[in-house]
Amino acid sequence: MTHRRTLAVSAGRPPRTPGAGVNAPLVTSTTHHHGGEAVYRRQLGTVDSEVSAFEEALGALEGGQALAFASGTAATSAVFDVVPTGSGIVVPDVCYYNSRVVAEEAGDDGRLRVSVVDTSDTEATCAAMDDLGDVALLWLETPSNPMLRVSDLAALTEAAHARGALVAVDSTFNTPFVLRPLEFGADVVVHSATKYIAGHSDALIGATVTRPGSDVGERLTRRRHRGGAMPGALEAFLALRGLRTLPLRMDAAQAGAAELAARLSQHPAVVEVRHLSLPDDPFHDRAAEQMDGYGAVLTFRLGDAAVAERVCESVRLIAHATSLGGVESLIERRARYAGDAAHGVPDDLVRLSVGVEHVEDLWADLSQAIGAARSA
Ligand SMILES: *Cc1c(COP(=O)(O)O)cnc(C)c1O
């Protein structure tokens, strides 16, 4: 098999016609003349376009069939939308805030029966599925945002399938270079390609990946068409361009995150550091077993919300901004959002998405910011 790093470069290329471009063209027309394969933009995923080129490349990397959406949120909503009305679903107690809320609102509307549980606890998750009786979907996010909890994918997919449920995994924090959920039996992989895959904080785009020809894949394709959640041409073009260098960016960012986590855990002002690379991290062993790396998001706590907030305000190289997965490092105190605070994220927890800057420059900035925050 071709190495994944090579596939990132070679997959999703147009045929090698003499004189033709080596990249899929950026086609901005929303409609096309009849006579060939006449399409409207909403159907463009079905013909050669930058969207289908992106899907081909991402599918090759995940080992399945990718379907691009207008955002990670659109992809997430599509998965919940194709669950039959009245079914039970299980979602994590702490995860990307909006994902849990989308599920809970479907519960409030009476469309789905929703159970919220710590999905890094396999026993509790099985019990939640049993309590629901008829369960159609187990939604996982591993590692989870921002608590970096890791679910046991092999055990949970087996348990879910035994109960007739599909398993969807939001794998945004991993990318296919760190984890491939389909290999563990998951049925749907969900990405906010806005993050690592596009990688430059300049494109909003999402994707699902399913097994070729699967029923859930066909339902998602219909759902995207009906809901009109196609990504824009430029976004798909940028996501594919980002994908070409994804393995290099992931390697650099993960190495930087591991080094910063090790240094932070020696810092006298820091009361807790979480990064899956740390040998004493509660999820280190599980991560080592099922992942090909430890990701590039770390969190740390300073024991006081005001100090944590001042650290975020004192950085000069790192940007004080939300989101993650870009080439530039981003920092924020998650509990600044009422939603994350309500879901139990500690008020002094700082999330750092490590980019690809030189680690010594990042460390210099972080240590000066912690110093400034404490002396203020
Ligand atoms: C950002 C994010 C999403 C939502 O994706 P958008 O592309 O911003 O809509 C979903 N899940 C996770 C884990 C994310 O980080």
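All values derive from a computational prediction rather than experimental measurement.

Student: Quick one: what's the story with the domain arrangement of the protein, residue by residue and with numbers?
Tutor: Each assigned domain of the protein is listed with its residue range as follows: domain 1 (4-244) and domain 2 (246-375). Put simply, the middle of domain 1 and the middle of domain 2, counted by C-alpha atoms, are 26 Å apart. In this complex, domain 1 contributes 38 residues to the contact, which on the side of domain 2 involves 35 residues. Surface buried jointly by domain 1 and domain 2 totals about 3,200 Å² across both partners, of which 62% is contributed by carbon and sulfur atoms.

Student: Lay out the packing of helix α2 (residues 50-62) against helix α8 (residues 233-244) with the relevant residues and their values.
Tutor: Put simply, α2 and α8 touch, their axes get as near as 8 Å, and they point 35° apart. When the axes of α2 and α8 are compared, the crossing they make is left-handed. In this structure, α2 contributes Glu50, Val51, Ala53, Phe54, Ala57, Leu58 and Leu61 to the contact, and α8 contributes Ala233, Ala236, Phe237, Ala239, Leu240, Leu243 and Arg244.

Student: Report on the sheet that holds strand β9 (residues 297-301), specifying residues and quantitative values.
Tutor: Read from one edge of the open sheet, five strands run β8-β9-β12-β11-β10, paired in mixed fashion. The open sheet is flanked by β8 (272-274) and β10 (319-320), the only strands paired with a single partner. Set on the sheet, helix α9 (residues 246-264) makes contact with β8, β9 and β12 (349-353); between it and β9 the angle comes to about 15°.

Student: Please set out the packing of aromatic side chains residue by residue, giving values where relevant.
Tutor: Under the counting rule described, the total for this entry stands at one aromatic pair. Consider the rings of Phe80 and Trp139, whose centres lie 4.8 Å apart with planes at 35°: the pair is tilted. With Phe80 in helix α3 (residues 72-81) and Trp139 in strand β4 (residues 135-141), the pair connects residues that are 59 residues apart, well separated along the chain. If you follow Arg336 out to its NZ or CZ, it ends over the ring of Tyr337, 5.9 Å from the centre.

Cut-offs and rules
- Sequence order sets the numbering: in each chain, residues are counted from 1 along the sequence as written.
- The predicted nature of this model means local features are confined to residues of pLDDT at least 70 and side-chain atom pairs, given and counted, to a pLDDT of 80 or more, with totals for whole chains, interfaces and linings taken over all residues.
- To obtain the side-chain values, all non-hydrogen atoms of the structure were used and water was disregarded.
- For the domains described, the bounds stem from an automatic or database domain assignment.
- What makes two residues a contact is simply this: any of their non-hydrogen atoms within 4.5 Å.
- Note on terms: buried area is the combined drop in 1.4 Å-probe accessible area of two parts once they are placed together, counting the loss on both.
- Helix axes are fitted only over the stretch in contact, all axes being lines through C-alpha atoms; the angle between N-to-C directions runs from 0 to 180 degrees.
- Runs of H or I in DSSP of at least four residues are treated as helices and runs of E of at least two as strands, each being numbered from the N terminus.
- Each crossing gets its handedness from the near helix: less than a right angle anticlockwise from the far helix is left-handed, clockwise is right-handed.
- Each pair of strands is called paired provided DSSP finds at least two bridges between the two strands.
- Aromatic rings from Phe, Tyr and Trp, taking only the six-membered ring of Trp, are treated as a pair when their centres fall within 6.5 Å; an angle between ring planes under 30 degrees marks them as stacked, one over 60 as edge-to-face, and anything in between as tilted.
- In this analysis the charged atom, NZ for Lys or CZ for Arg, is taken to sit over a ring once it is within 6 Å of the ring centre and within 35 degrees of the ring normal.

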